[in-house]
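Working through the structure, step by step
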Amino acid sequence: MQDPALLTLLLVLVPALPLGGTLLTVLLGRRLGSQAHWPAIVSIAAAAVVAVTLVVGLASDVADKASRVQPVPPVEMVTTLWQWVSIPEAYVPAVGSPASQVGENLSARAAGLPEALPFSIGIDLRLDPLTAIMLAVITCVGLLVAIYSIGYMHDDPGYPRFFALVAAFVFSMSMLVAASNFLLVYVFWEAVGACSYLLIGFWFQKPAAAAAAKKAFLVNRVGDFGLAVAVFLLWMTYGTLNFHDTTLADGGLLPGILGTERLGELGGYVGGTVGTAICLLLLLAACGKSAQLPLHVWLPDAMEGPTPASALIHAATMVTAGVYLVARSAPLFMACPSALTIVSIVGATTALVAALIGTVQNDLKRVLAYSTISQLGYMFASLGTGTLLGFTAAIFHLVTHAFFKALLFLGAGSVMHAMGGVIDMRRFGGLRRVMPTTAATFLVGSLALAGVAPFAGFFSKDEILAALHQQGWSHHAAEHHDGDLHEDHAESGGTWLQTEPVQSHVRFASLSNPSPESQAADASGTFRLLYWMSLFTAALTAFYTFRAVFMTFTGPTRVPEEAGHHAHESPRVMTLPLVILAVAATVSGWLLFSTQWLANFLAATPSLAAPAVAATATPHAFHLDLALQGTLAAALGIVLAAIGHLGRSSDGPQMERFLGPLEPLFANRFYIDEIYAALVVRPLEFLALVAAGFDRSVIDGLVNLVAAVPLGLGAVVRRLQSGLLQRYAVAGVLGTLLVVLALAWRLRA
């Protein structure tokens, strides 16, 4: 597919179709009634077909270039729909900054002064391998969730409103990943948050749902503030917010922040204090959207929303926006190794903490919520390795996770639908006899989540472990690859390069950094610890996943009273998406790993084709030792879950009683919510009370005092206006006498 006009049309159609579905549902939803799902379903289905077409077409272009040129050059296409903002000579960059080297004003150059730069923001959409993959995942999973929702939401009075919000969410998320400048990313970052708020609080009549929506909105404001400040810093530092290169009015070239012009320069990115600040602010934004420590507290409460919304937002799309942002900004992070290490530390710590909390949860949807937080932590841990393997492994896990976590959420919704709204696992059991399709597909999703071969999670999780292991034992890896490089290079088709520790070869502009050797040594120790933490988390993941499986689907059949005597399998419109997702969760990992298609495709993304990232590429290999470690960890978790929960027949605690003092710590989520309440919420409430008292007593008092002065004067003057003519006559006479006396006094003087 080489026709730029056709690619442009298809790229625009992906977000435009869901937007049209949203508008049609809003306009016609009430008239359509029980058929109000059709505009959203048809538009999202069409967008999914277009997105898959884009992936296929772009992949053929990448393969064609790979057959002719090695390494594959970056592949991107940018189209401007219209110009949003254009301010000429809006900014004079600081002397010595990357932006000061831009422009063709020779007189300014001769005087040693930077040239004034414009502030120009267009509605720019980009197409590259990373965008294409994200669009395909968003629309395909969104379509299956929307189809499932036909059965799940069929009796809800807000039926049209729900499908309008789903289509609006798909539109906003598609625009976020297709935007080609940071300001447009910020706009749709907020739009996605607004849709999330409306979907979490969909049943706003329930106080818990309204509170959860408000909590998600406020916690995400913290992360969004980080993105807003990062946007300002990026513009002040680089003189542009565009990802791509643009041509100035005078014919000069303005390098984009992630454009090929800047990517080709070794010193094109700022490190040091400013660069690290930008990266950490982007990480703060990612932590908000992707529910990473310390901004993870909103996601478990967000389970108060409809289950299809949980599958759409909290499994496959919105929560992966933070992963996308860090992957897209890879060259910025590569200039700041300390920021990269922090990304991995935050990710691995979040993965472990969330997994520990998930081991004692009894709400099935909350188990999956903490699992989502934990799996997103894996992705961040992989991104922080700063290697091509780490970046591609994170996106690989993002894709497989979208399939099996959407499957698990929809499976939980199927259980909740049959159990009359009950989701407490202690109140039901043995449901494999009542809901065989749901049980079978839920088991497939659980095997994938636990990382059991040959399901999808096994391959993507092990790639993450391999990326962490490579950084933790980088010297051993380098020695190994020195011996096997030529052989592996030939086997892999010649598309990979020599491995080196990322800290030793990244030489972007920075301020007084330690020596590369000391950085590499420190980072190796850190990544070894993160590797063992991640391996332990893998065991915990298998434990809490199969604890949920055994509690829900094994043992004697127990059905809560709310389900009545009619508990049965969900309708076909709900089970069909489960089966499709189960197939994807079974085969997608093996296909993408064995063919290397995803890794090779993503490597042509401009951000990942930057020299600092491309230089870390390694030959494709299956690491048997790491696979065995991961499999043993998963097996240990499953066995422990079976010992404690397989075939349980009571509501009492099982293995939880062996945790001792740790059980309340995990059950109360490490008291993080209580810490926030003590350190943030209550002080703010006290400050609000003081401010309210000051407003009522001082501010209102001063305003009332000012108002009392004319009232007092009016009260005095009002007594003169009695309405009695006699008094007015007397007053006139007395006034006249006073005037006469005053005149006489002056004449005498």
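In this text the structure is predicted, and so the values were computed from the model without any measurement. (Residues numbered from 1 in each chain as written. Predicted model: local features only at pLDDT ≥ 70, side-chain atom pairs only at ≥ 80, totals over all residues. Heavy atoms only, no water.)

This part is about the pattern of salt bridges. Opposite charge on two side chains permits them to pair, given that their charged atoms come into close proximity. Under the definition given, this model contains 16 salt bridges. Of the charged contacts in the structure, one is a salt bridge between Glu76 and Arg126, with a shortest N-O distance of 2.5 Å. With Glu76 in the loop between helix H2 (38-68) and strand S1 (77-91) and Arg126 in strand S2 (residues 117-127), this residue pair connects regions lying 50 residues apart in the sequence. Looking at Glu76, the relative accessible area reads 27%, which means it is partly exposed. As a salt-bridge pair, Arg328 and Asp128 come within 2.6 Å of each other at their nearest N and O atoms. (Salt bridge = Lys/Arg side-chain N within 4 Å of Asp/Glu carboxyl O. Helix = DSSP H or I, 4+ residues; strand = E, 2+ residues; numbered from the N terminus. Buried < 20%, exposed > 50% of the residue type's maximum accessible area, 1.4 Å probe, protein only.)

If you walk through the whole model with that rule in mind, you get 20 aromatic pairs. Between Phe162 and Phe163 the ring centres are 5.6 Å apart and the planes differ by 90°, which places this aromatic pair in the edge-to-face class. Ring geometry for Trp473 against Tyr531: centres 5.6 Å apart, planes inclined by 85°, an arrangement best described as edge-to-face. On the criterion of sequence distance, the pair formed by Trp473 in the loop between helix H18 (456-472) and helix H19 (474-491) and Tyr531 in helix H21 (residues 516-553) is long-range, its members being 58 residues apart. (Phe/Tyr/Trp six-rings, centres within 6.5 Å; stacked < 30°, edge-to-face > 60°.)

Across the 11 residues of S2, nine count as buried, placing the element largely inside the fold. The pairing of S1 with S2 spans nine bridges and is classified as antiparallel. By the bridge assignment for S2, Ile87 is matched with Phe119. (Pairing = 2+ DSSP bridges.)

This part covers a nonpolar patch on the surface. A cluster of nonpolar side chains, namely Tyr671, Ile675, Leu679, Val680, Val681, Leu684 and Leu687, defines an oily patch on the protein surface of about 640 Å² accessible area. Looking at the element boundaries, Ile675 is found in helix H27 (residues 672-718). (Patch = residues over 30% accessible without salt bridge, like charges linked within 9 Å, V, L, I, M, F, W, Y side chains within 5 Å. Areas by Shrake-Rupley, 256 points an atom, 1.4 Å probe, with all protein chains shown as cover.)

On the secondary structure map, Arg328 appears in helix H12 (residues 321-328). Using a relative accessible area of 2% as the deciding quantity, one classes Arg328 as buried. Non-local contacts of Arg328, meaning those with residues more than four positions away in its chain, are made with Arg126, Asp128, Leu130, Thr131, Val177, Phe243, Leu258, Thr605 and Ser607. (Contact = heavy atoms within 4.5 Å.)

With that out of the way, let us pick up helix H25 (residues 624-645). A rise of 1.5 Å per residue sets the reference length of H25, with its 22 residues, at 32 Å; its end C-alpha atoms lie 31 Å apart and thus fit the reference within 8%. Along H25, the positions that sit buried rather than exposed are Leu626, Ala627, Gly630, Ala633, Ala634, Gly637, Ala641, Gly644 and His645. Within H25, the buried residues cover an arc of 140° as seen down the axis, which keeps them to one side. Residues Leu624, Leu632 and Ile643 are exposed on H25 and point more than 90 degrees away from its buried face. Downstream of H25 by a residue or two, Gly647 has a phi angle that is positive, lying close to 70°. (Expected span 1.5 Å × (residues − 1). Arc of directions from axis to C-beta.)

The next point concerns the packing of helix H9 (residues 272-289) against helix H14 (residues 337-358). Orientation of H9 relative to H14, taken along the N-to-C sense of each, is 20°, at an axis distance of 9 Å. When the axes of H9 and H14 are compared, the pair comes out roughly parallel. For the pair H9 and H14, the crossing hand works out as right-handed. Every residue of H14 that contacts H9 at Thr276, Cys279, Leu280, Leu283 and Cys287 is listed here: Ser338, Ala339, Ile342, Val343 and Val346. Broken down by class, the residue content of the contact of H9 with H14 amounts to eight nonpolar, two polar and no charged. (Axes fitted to C-alpha atoms, helices over the stretch in contact; angles between N-to-C directions. Parallel < 35°, antiparallel > 145°, perpendicular 65-115°, else oblique. Left-handed = near helix turned anticlockwise from the far one by under 90°. Nonpolar A, V, L, I, M, F, W, Y, C, P; charged D, E, K, R; others polar.)

Once that is clear, we can look at the environment of Phe119. Within the secondary structure, Phe119 sits in strand S2. Phe119 sits in the buried class, given a relative accessible area of 17%. The spatial distance from the C-alpha of Phe119 to the C-alpha of Leu241 is 8.6 Å, given a sequence separation of 122 residues. Residues in contact with Phe119, not counting those within four places in the same chain, are Val85, Ser86, Ile87, Ala90, Leu183, Trp235 and Leu241.

Summary statistics for the protein chain give a mean pLDDT of 87 and a share of 89% for residues scoring 70 or more. With pLDDT under 50 throughout, residues 479-513 is counted as low confidence; its partners more than four residues away or in other chains account for 80 contacts. (pLDDT = per-residue confidence, 0-100.)

Attention now moves to the nonpolar core. Ile133, Phe169, Phe182, Leu241, Trp298, Leu332 and Leu383 are the most contacted members of the largest nonpolar core, which totals 231 residues. Here this core gets 21 residues from one element, more than from any other, and that element is helix H16 (residues 388-418). Every residue in contact with Trp298, bar those within four places of it in the chain, is listed here: Ile200, Lys215, Ala216, Val219, Asn220, Gly288, Lys289, Ala291, His314, Met318 and Val319. (Core = buried A, V, L, I, M, F, W, Y, C linked by side-chain atoms within 4.5 Å.)

With that out of the way, let us pick up the state of the cysteines. For the structure shown, the criterion picks out zero disulfides. In this structure Cys336 is a free cysteine whose sulfur lies 4.0 Å from that of Cys279, the closest cysteine sulfur available. (Disulfide = S-S within 2.5 Å.)

Attention shifts here to the packing of H16 against helix H22 (residues 572-595). Running from amino to carboxyl end, H16 crosses H22 at an angle of 155°, the nearest separation of the two axes being 9 Å. Here H16 lies roughly antiparallel to H22, going by the angle between them. The two elements H16 and H22 meet at a crossing, and its hand is left-handed. Facing Phe396, Val399, Thr400, Phe403, Phe404, Ala406, Leu407, Leu410, Gly411, Ser414 and His417 of H16, the residues of H22 in contact are Met574, Leu578, Leu581, Ala582, Ala584, Ala585, Ser588, Gly589, Leu592 and Phe593. Partitioned by chemical class, the residues of the contact of H16 with H22 number 15 nonpolar, six polar and no charged.

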